[in-house]
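Topology and contacts: notes
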Amino acid sequence: MSSLLPANATKYERALEKTCVRSFSLPVLIDRIRNPYTCHMSVLPWLAYERSVDEWNEGWSEEQKRQVTARSISVHKKKGTRGAVEEALGALGIGVCAIEWWEMEPQGVRGTYDLEVQLPAGYKADEATFQEVERVVNAAKTRRSHLGIISLTPADLTQQPIVSGVVFCGETVTIYELGRIKAN
């Protein structure tokens, strides 16, 4: 081994050089560890911490964790914008359409916005999902904007919800179960 240290190097500097030579010969490829798509799963939470991931959930799938980590830098570049909210939720596979106050019909309260969230398969439209979406959005949105309504729609919803109404005017009305109406 050829040393790059000068002849008057201290004992400490020579020991440090030997240690560094050994560490550079380890079979670890830095570009693999720093890549959220190729690093080992045990390293991923540390990489997410390094990239300042705002929201981390151990219940997420491996793919979601990798996407959130990979997109973190992009989210932080856009933080405080509609694009950051869409990117942060998009990393989880969640589709979102943000409707800002000036786009609402009639026009909404200044500084507010609503979200129409399309949940992917595997997500339930329940309180836990609502809170997770709200945490992710609050971490990415601008502080001056206020979140209005979040509407969650599951991706596997195969038909539009049926809404019906009845007007009672002295007539007898019979309501049958769907699919049990008999033809006369």
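Residues numbered from 1 in each chain as written. Predicted model: local features only at pLDDT ≥ 70, side-chain atom pairs only at ≥ 80, totals over all residues. Heavy atoms only, no water.

To continue, consider the layout of surface pockets. Considered as a void within the structure, the largest pocket measures approximately 240 Å³ in volume. What lines the largest pocket is a set of 16 residues, and nearest its centre among them are Arg-82, Glu-100, Tyr-113, Thr-142 and Ser-145. Among the secondary structure elements, those contributing two or more residues to the lining of the largest pocket are helix H5 (82–90), strand S1 (95–100) and strand S2 (112–119). In terms of residue count, the dominant contributor to the lining of the largest pocket is S2 (three residues). A per-class count over the lining of the largest pocket returns six nonpolar, six polar and four charged. (1 Å grid on protein atoms, 1.4 Å probe; cavity = no way out; pocket = protein on both sides within 12 Å on 5 of 7 lines; lining within 4 Å. Points joined across faces, edges and corners; volume = space filled by probe spheres on them. Helix = DSSP H or I, 4+ residues; strand = E, 2+ residues; numbered from the N terminus. Nonpolar A, V, L, I, M, F, W, Y, C, P; charged D, E, K, R; others polar.)

The three strands are arranged S1-S2-S3 in an open sheet whose pairing can be described as mixed. Every other strand in the sheet has two partners, leaving S1 and strand S3 (146–154) as the edge strands with one partner each. Going from strand to strand, the sheet's axes swing by 15° on average, the running direction of each strand aside. The strands touched by helix H6 (residues 127–140) within the sheet are S2 and S3, with S3 carrying the most contacts at an inclination of about 135°. (Pairing = 2+ DSSP bridges. Axes fitted to C-alpha atoms, helices over the stretch in contact; angles between N-to-C directions. Contact = heavy atoms within 4.5 Å.)

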